[in-house]
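One-letter residues, chain by chain:
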Amino acid sequence: MSEILSYLLEGVQILLLLSAAPVFTGWVRTVRCWLQGRTTAGIFQPYRDLTKLFYKDIVLAENASWIFRFTPYLVFGAAVLAGAIIPILSVDLPLSTTADVIALVALFAMARFFTALAGMDVGTAFGGMGSSREMTIASLAEPAMLMAVFTVSLVSKSTSLSQMVQVIGHGQLILRPSLAFALLAFVLITLAETGRVPVDNPVTHLELTMIHEGMILEYSGRHLALIEWAGMMKLFLFAVLGIASFFPWGIAEAGNLITLPMALLFLMTKLGLAGAGLVLIETGLAKMRLFRVPEFLGSAFLFATLGMLSYFMLE
Amino acid sequence: MPINFAAQLNSVLAALILLTAFGLLAQRRIYGLLHLFAWQGLFLSISTAVVGYAAGQRHLYISSILTLALKVIVLPYILHVLIIRLGIHKEIETLVNIPATMLMGIALVIFSYHLTSPIRELSTLVTRSTIAIALATVMLGLLMMITRKHAVTQIIGFLAMENGLFFAATSATYGMPLVVELGVALDILIAAFIFGIFFFHIRTTFDSLDVEQMARLKEED
């Protein structure tokens, strides 16, 4: 009985991921509009964009290979699978035992690898440029990401996300400098990985600065819709991963269905705050030169390492 | 405030002191350095007060207030006045490869952790876990003095080193005797004035505060 229930929960969580990711992106855009004094398009605008793209025809380059056609589905699938591992609403996830947090980082890396391949596949200049930049950033962001994740794993003595949530969320409240450092590193990495302002700008197609947009410039129709949707899910997943690792209070325990509505409420509040925080960072900072990005990610690596060291030294 | 919580708070403050030490290594602007130095002094002062509370040592409160007055207000003010008087317009300093310096800094932190781990095993004080951080702060100050070229930044590195020493004294033995601490505070104050005089001398002789210029003392072209 309880097994069926946990599979059901898993399904509910994936549905939540698919439906809430565009809303979260819409919320981030709305808050940004408020801060800049512009009229908003509403938090459901990403849905309309996606529907429009799904109805459009695909324009495919003549020399596009199977990688180009296959990548959108793979990227989308990786995002959905990642959402099945991270405890969003409840820690009682059957798939959570199959993959730990290191596998999660690898999932994101695989999606990025194929996006970069697809960017180079058609052979346009912008695709290649975007791919090379993306891989430069990824090679610096991934070690920092793993370091930050390892710090949380050290504190909770497990790499399984469900276990981490249970240990940190239900242990006694201790001031932990290691987690504070890891959180700082995680925020910097999130900005880099999801292509937000100090590293990349998700709203422009300015030739010289685009990174992620450069890679997907040749996509159209439902391919583009899938990639955009996966991008929204990635932002949502990073927010949820941050919540699960650093602020897990309120996520429902195993076999406890009554707390689910409360968990949903907690999640919405935390996501709302996370989105507002993201917008504050984005409007407060200017996009930096590409050659400053290594320094930015270097400091993320430094924070993550300091977090790990301070776990050994201070706790 | 229970002792356990005080120890945790002290750990957090130690982490912040370490963070400001790394910030000093990476910061390019002179005014940014001054701010970071003042923050480090503030964290040090709070940490001293917390240790004083946890250990029940009254005299640490006095050192805490002394730190607050000297390292958060007086020294940054003196340096600020010096920077204005010297007319350092070019306040941005070009640095040698920040990421490499950071990696060296991390290596120094690990080294000082390794060095102090026997003391940590032996000590029974509440603050035993912060000794490694204190030593690391001293080493990072030293690293800053080595990697920077500008005289004013080297002095800030020196003062950061002194912060580390003070922190080490607090965490290893609950602070030095008050007389010693007063003496050190006075020394630092005098040192700041002497630095000021030296800055002016260096500038009139070399037309710059870049200490690399001093390598050209020889009379060759």
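Criteria and cut-off values
Residues numbered from 1 in each chain as written. Chains lettered and ligands numbered in written order. Predicted model: local features only at pLDDT ≥ 70, side-chain atom pairs only at ≥ 80, totals over all residues. Helix = DSSP H or I, 4+ residues; strand = E, 2+ residues; numbered from the N terminus. Rg over C-alpha atoms; globule rule 2.2 N^0.38 Å. Buried ≥ 20, exposed ≤ 12 C-beta atoms within 10 Å, placed from the backbone. Contact = placed C-beta atoms within 7 Å. Expected span 1.5 Å × (residues − 1). Core = buried A, V, L, I, M, F, W, Y, C linked by C-beta atoms within 7 Å. Axes fitted to C-alpha atoms, helices over the stretch in contact; angles between N-to-C directions. Parallel < 35°, antiparallel > 145°, perpendicular 65-115°, else oblique. Nonpolar A, V, L, I, M, F, W, Y, C, P; charged D, E, K, R; others polar. pLDDT = per-residue confidence, 0-100. Left-handed = near helix turned anticlockwise from the far one by under 90°.

A.B. asks: Any chance you could explain the overall build of chain B here in plain terms?
C.D. replies: When helices and strands are tallied, chain B shows seven helices and zero strands. Order of helices (α) and strands (β) in chain B, N terminus to C terminus: α-α-α-α-α-α-α. In summary, chain B has a C-alpha radius of gyration of 18 Å against a globular reference of 17 Å for 221 residues, a match within 12%. Here the C-alpha coordinates of chain B stretch approximately 65 × 35 × 25 Å along the principal axes. Here chain B holds 221 residues, and 38% of them are scored as buried.

A.B. asks: Which parts of the structure should I look at to understand the overall build of chain A?
C.D. replies: Assigned secondary structure in chain A consists of 11 helices and zero strands. When the elements of chain A are put in sequence order from the N terminus, they spell out α-α-α-α-α-α-α-α-α-α-α. Here the C-alpha atoms of chain A give a radius of gyration of 19 Å, agreeing with the 20 Å that 2.2 N^0.38 yields for 315 residues. Overall, the C-alpha framework of chain A stretches about 60 × 45 × 40 Å when taken along its three principal axes. Counting every position in chain A, which comprises 315 residues, the buried fraction comes to 48%. Taking all contacts inside chain A whose residues are at least 6 apart in sequence as the whole, residues at least 24 apart take part in 80%.

A.B. asks: Whenever I open this one, helix 10 (residues 260-284) of chain A confuses me. Can you help?
C.D. replies: Along an α-helix, a turn takes 3.6 residues, which lines up residues three or four apart on a common side. Residue and element names in this part refer to chain A. Here helix 10 contains 25 residues, and its C-alpha end-to-end distance of 36 Å stays within 8% of the 36 Å for a straight helix at 1.5 Å per residue. Among all positions of helix 10, only Leu-267, Lys-270, Leu-271, Ala-274, Gly-275, Leu-278 and Val-279 are buried. Structurally, helix 10 contributes buried residues whose contacts are with helix 1 (2-36) and helix 9 (221-246).

A.B. asks: Can you help me understand the nonpolar core in this one?
C.D. replies: The nonpolar side chains of a soluble globular protein tend to be buried with one another. Ranked by size, the top nonpolar core spans 146 residues in total, and within it Ala144(A), Ala185(A), Phe236(A) and Ala304(A) carry the most contacts. If you tally residues by element for this core, the top one is helix 9 of chain A, at 17 residues.

A.B. asks: Whenever I open this one, the packing of helix 3 (residues 59-86) of chain B against helix 7 (residues 178-206) of chain B confuses me. Can you help?
C.D. replies: Two measures define how a pair of helices packs: the angle their axes make with one another and the distance between the axes. Residue and element names in this part refer to chain B. One can describe the packing of helix 3 onto helix 7 by two numbers: an axis separation of 11 Å at closest approach and a directional angle of 5 degrees. On the basis of the axis angle, helix 3 is roughly parallel to helix 7. Taken together, the residues of helix 7 that come into contact with helix 3 (itself represented by His-59, Ile-62, Ser-63, Leu-66, Leu-70, Val-74, Leu-75, Ile-78, Leu-82 and Leu-86) are Leu-178, Glu-181, Ala-185, Ile-188, Leu-189, Ala-192, Gly-196, Phe-199 and Arg-203. Grouping the constituent residues of the contact of helix 3 with helix 7 by class yields 14 nonpolar, three polar and two charged.

A.B. asks: I tried to follow the interface of chain B and chain A on my own but got confused; where do I start?
C.D. replies: Where interface size is quoted, it is often the accessible area lost as the parts come together. At the interface, 19 residues of chain B touch 15 residues of chain A. Elements with a contribution of two residues or more to the side of chain B that touches chain A: helix 1 (3-26), helix 4 (98-122) and helix 5 (131-147) of chain B. For the side of chain B that touches chain A, the element with the highest residue contribution is helix 1 of chain B, accounting for nine residues. Looking at the side of chain B that touches chain A residue by residue, the class counts come to 16 nonpolar, three polar and no charged.

A.B. asks: What's the story with the confidence of the model for chain B in this structure? I'm lost.
C.D. replies: Close reading of the predicted structure is inappropriate where its pLDDT is low. Here chain B shows a mean pLDDT of 86. Residues at 70 or above account for 94%. We note a pTM of 0.90 for the whole complex and an ipTM of 0.85 for its interfaces.

A.B. asks: Is there a simple way to think about helix 9 of chain A in this case?
C.D. replies: The end-to-end C-alpha distance of helix 9 of chain A is 38 Å, a good match for the 38 Å that 26 residues give at a rise of 1.5 Å each. Counted residue by residue, helix 9 of chain A has 22 buried out of 26 residues, so it is predominantly covered.

A.B. asks: How do you make sense of unusual backbone geometry when you look at a structure like this?
C.D. replies: Outside of glycine, negative phi angles account for most residues, and trans bonds account for most peptide bonds. Despite not being glycine, Lys157(A) has its phi angle at roughly 55 degrees, a positive value. By the element assignment, Lys157(A) lies in the loop between helix 5 (125-156) and helix 6 (161-170). Residue class for Lys157(A) comes out exposed when judged on the 9 C-beta atoms lying within 10 Å of it. The phi torsion at Tyr174(B) lies on the positive side, around 60 degrees, for a residue other than glycine. Assignment of secondary structure puts Tyr174(B) in the loop between helix 6 (151-173) and helix 7.

A.B. asks: How should the environment of Leu89(A) be read in this particular structure?
C.D. replies: All names here are of chain A. Checked against the element boundaries, Leu-89 lands in the loop between helix 3 (66-85) and helix 4 (101-121). Sequence separation between Leu-89 and Leu-9 is 80 residues, and the spatial gap between their C-alpha atoms is 8.5 Å. When sequence neighbours within four positions are dropped, the list of residues in contact with Leu-89 reads Gln-13, Leu-16, Ile-251, Ala-252, Leu-260, Ala-263, Leu-264 and Leu-267.

A.B. asks: I tried to follow the environment of Leu44(B) on my own but got confused; where do I start?
C.D. replies: Residues and elements named next belong to chain B. In this structure, Leu-44 sits in helix 2 (residues 30-55). Residue classification places Leu-44 among the buried residues on the basis of 28 C-beta atoms within 10 Å. The sequence separation of Leu-44 and Ile-188 amounts to 144 residues, and the corresponding C-alpha distance is 16 Å.

A.B. asks: Just to check I follow, could you spell out the packing of helix 1 of chain A against helix 10 of chain A for this structure?
C.D. replies: Residues and elements named next belong to chain A. Direction vectors running N to C along helix 1 and helix 10 enclose 50 degrees, while the axes themselves pass 9 Å from each other. Classified by the angle between their axes, helix 1 and helix 10 sit oblique to one another. Our pair here, helix 1 against helix 10, has a crossing hand that is right-handed. Here helix 1 contributes Phe-24, Trp-27, Val-28, Val-31, Arg-32 and Leu-35 to the contact with helix 10, which in turn contributes Leu-271, Gly-272, Gly-275, Ala-276, Leu-278, Val-279, Glu-282 and Thr-283. For the contact of helix 1 with helix 10, the class distribution of residues is nine nonpolar, three polar and two charged.

A.B. asks: Just checking my understanding: could you explain the confidence of the model for chain A for this structure?
C.D. replies: The pLDDT averaged across chain A works out to 89; a share of 99% of its residues lies at or above 70. By mean pLDDT, helix 6 of chain A is the weakest element of chain A at 83, and helix 2 (residues 45-55) of chain A is the strongest at 94.

A.B. asks: Would you explain the environment of Ile3(B) in this entry?
C.D. replies: Residue and element names in this part refer to chain B. Here Ile-3 shows up in helix 1. With 95 residues separating them in the primary sequence, Ile-3 and Ile-98 have C-alpha atoms 39 Å apart. The residues touching Ile-3, leaving out its near neighbours within four places in the chain, are Ala-54 and Val-126.

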